[in-house]
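# Structural overview for review
Below are the chains, spelled out letter by letter.
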Amino acid sequence: MNKKTLKDLDVKGKRVLVRCDFNVPMDDNRNITDDRRIISSLPTIKYLIENGAKVILMSHLGRPKGEPSPKFSLKPVAKRLSELLNKEVSFTNDDRIVSKKVEKMVSNMKDGDIVLLENTRFRKEEKKNEVTFAKELASLGDLFINDAFGTCHRSHASNVGISDQLPSAVGYLVEKEIDVMGKALENPKRPFVAILGGAKVSDKIGVIENLLNKVDSIIIGGGMAYTFLKAQGLEIGTSIVEEDKLDLANELLKKAEEKNVKLLLPVDIVVAKEFDNDTEFKTVSINEIPENMMGMDMGGESIRAFSEEIINAKTVIWNGPMGVFEMENFKKGTDAIAKSMAESQATTIVGGGDSASAVEKAGYAEKMTHISTGGGASLEFFEGKMLPGIAAIDDK
Ligand code: AMP
C-alpha cells in the first residue's frame, strides 16, 4: 500500500487524533448490543498507548442530524472502551466537540492517556466537510490517524477534512481491510467467486460491472435475483423487482457470457403469500412461481449448487443476504451461504452490513478470513473505487 501507516509516524509524546468507527448498535436503555466495532479499534489504540502517544479518539454514532441529541451520545462507548482496555478513558461530554473545556482536558493529558470526544455528527459542519470544523478538530492534535473503515466512503470533516490539516496515516484496522480486500481483488487465488444478494440490483450495478472483470463466477441471490429472472422472461409472481433495470440485467447477463464469467441464479425458491414470517410458504422451481406469491428465500437445489461453487473456490467474497433473513422461515439460504463459506478452505471475505451480522448470528465469524467492518465502504471497495477517506491520507 502506498499510504502511510501507523508505523510510519513517530507518535511518542505526540497528541494523536484517531478517527474510529464507534457507530455501534444500542438498545432503548443505551446498552451497547454489539461491541465488535469497538473491539476492532483496539489494536491501533493499544499501539498508540504502548508507544507513549496522547490518544484523542473521535467518532460518529447514528444520525443525529447535525445537532446534539443525548440519544446519540458516545458516553456508553467511553465506558465500554475503558472496560476493554482496563484503563481510564476520559469522556469530554461536550456537545460542541471542540471547546475551551476540551482544549484544557487535552492539554492536561499525559503520555498514554486517552480522551474520547463527543459524537462528531452533533456538528452540522461534520457531514458537509467544512474546513472550519476540520481545523477546530485538528487544533487538538499533532497527528491524524484514520481507523474508521466504515466511513471511508464518505468525505467528512473528521476523516477527510482533517487529513489536509495534519500529517496523517491509516490505522491497523483500515490497513488490514484494504490489505485483505485489495489482495483478493488484485491478485486472487482462483477460482474466484463473488456472491451478491440484498434487495436491489440498482445498489450493486457498479459492483457487478467491476467484478465481471475479475471473478470466475458470480452468484446472484436475494431480492435482486428476481429482476434477472424476469429479464430472462420468467414469471416471478409478486416478488420484488426493479422494472426499470430489466434491460440492464440482460446486458449484465450478456457481458458475463462474453467475459466467460459463470453467472448463477437460483434454480428454486421459497415463495410466500405475504411478506410475513407467519404466512403460508412452499418451495417451487423458478419455472413455477405462482402469480400471487413472492420469492422470499432460495430453495434446497439452489443452496446445493451455490455451496458446490463455494467449496470449489479458492477466493470467495460475499455481500448481501440471499433472502429475507430477518424472518426465521426465510433465512435458510443466507445461513447456508455462511456455512459453506465457513467450511471452505478458500480465502473468505464478508462485506459488512447484513451478511456480516448473519455470519455472526450463525456463529461462523471465527471461520472467515475477514469480515469487513464497513457495509457501504466495502461495497464501494468492491466497485473498484478509491475511497475518499483513504485517498486523503498522506502517501508514503
Ligand atoms: P441490501 O440493503 O440491499 O443489502 O438488502 C438487504 C435486505 O434485502 C434485507 O433486509 C433482506 O430482507 C432483503 N431481501 C433479501 N431477499 C429478499 C427478497 N427475496 N424479497 C424482499 N427482500 C429481500
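As shown above, the structure is provided for reference.
All of these numbers come straight from a predicted model, not from anything done at the bench. (Residues numbered from 1 in each chain as written. Predicted model: local features only at pLDDT ≥ 70, side-chain atom pairs only at ≥ 80, totals over all residues. Heavy atoms only, no water.)

## Structural notes on the packing of helix H1 (residues 36–50) against helix H2 (residues 75–85)
If you want to describe how two helices pack, look at the angle between their axes and the distance between the axes. Where H1 meets H2, the closest approach of the two axes is 11 Å, and the angle between their N-to-C directions is 65°. For the element pair H1 and H2, the recorded crossing hand is right-handed. Every residue of H2 that contacts H1 at Ile38, Ile39, Leu42, Ile45, Lys46 and Ile49 is listed here: Val77, Arg80, Leu81, Leu84 and Leu85. Within the contact of H1 with H2, the residues separate by chemical class into 9 nonpolar, no polar and 2 charged. (Axes fitted to C-alpha atoms, helices over the stretch in contact; angles between N-to-C directions. Helix = DSSP H or I, 4+ residues; strand = E, 2+ residues; numbered from the N terminus. Left-handed = near helix turned anticlockwise from the far one by under 90°. Contact = heavy atoms within 4.5 Å. Nonpolar A, V, L, I, M, F, W, Y, C, P; charged D, E, K, R; others polar.)

## Comments concerning the pattern of salt bridges
Scanning all chains against the criterion turns up 28 salt bridges. A salt bridge links Glu280 to Lys273; the nearest nitrogen and oxygen atoms lie 3.5 Å apart. Look at Glu280 and you get exposed, because its relative accessible area is 52%. For Lys273, a relative accessible area of 35% puts it in the partly exposed group. What you see here is one network of salt bridges that share partners, running through Asp35, Lys79, Arg80 and Glu83. (Salt bridge = Lys/Arg side-chain N within 4 Å of Asp/Glu carboxyl O. Buried < 20%, exposed > 50% of the residue type's maximum accessible area, 1.4 Å probe, protein only.)

## Some points on the packing of aromatic side chains
Using the criterion set out here, one finds 2 aromatic pairs in the structure. Seen from their ring centres, Tyr47 and Tyr172 are 5.6 Å apart, and the 90° between their planes marks the pair as edge-to-face. Of the two residues, Tyr47 is situated in helix H1 and Tyr172 in helix H5 (residues 172–186); the sequence distance between them amounts to 125 residues. Here Phe281 and Phe330 contribute two aromatic rings whose centre-to-centre distance is 5.3 Å and whose plane-to-plane angle is 75°, an arrangement assigned as edge-to-face. Of the two residues, Phe281 sits in strand E11 (residues 281–285) while Phe330 sits in the loop between strand E13 (315–319) and helix H10 (332–343), which places them 49 residues apart along the sequence. Overall, Phe281 belongs to the partly exposed group, its relative accessible area being 37%. The class of Phe330 is buried, set by a relative accessible area of 0%. (Phe/Tyr/Trp six-rings, centres within 6.5 Å; stacked < 30°, edge-to-face > 60°.)

## Remarks on the nonpolar core
Ranked by internal contacts, the top residues of the largest apolar core, which has 72 residues, are Leu117, Phe149, Ile208, Leu211, Ile218 and Phe228. At 6 residues, the largest contribution of residues to this core is made by helix H8 (residues 246–258). Not counting the four nearest positions on each side in its chain, Leu117 is found in contact with Ile56, Leu57, Met58, Leu74, Phe91, Thr92, Ile97, Val102, Leu137 and Leu140. If you look at the next biggest cluster of nonpolar residues, it comprises 30 residues, including Val16, Val24, Leu74 and Phe91. (Core = buried A, V, L, I, M, F, W, Y, C linked by side-chain atoms within 4.5 Å.)

## Quick word on the sheet that holds strand E10 (residues 268–272)
Spatially, the 3 strands line up as an open sheet ordered E11-E10-E12, and their pairing is antiparallel. Whereas interior strands pair on both sides, the edge strands pair on one side only; in this sheet they are E11 and strand E12 (294–298). Across the sheet, the axes of successive neighbouring strands diverge by a mean angle of 40°, strand direction being ignored. Packed on one face of the sheet, helix H9 (residues 300–311) meets E10 and E12 and runs near 45° to E12. (Pairing = 2+ DSSP bridges.)

## Focus on the environment of Gly295
In this fold, Gly295 is placed in strand E12. Note on Gly295: relative accessible area 10%, which makes it buried. Between the C-alpha atom of Gly295 and that of Gly222, which follows or precedes it by 73 residues, the distance is 8.6 Å. Discounting residues that sit within four places of it in the chain, Gly295 has contacts with Tyr226, Ser239, Ile269, Val270 and Val271.

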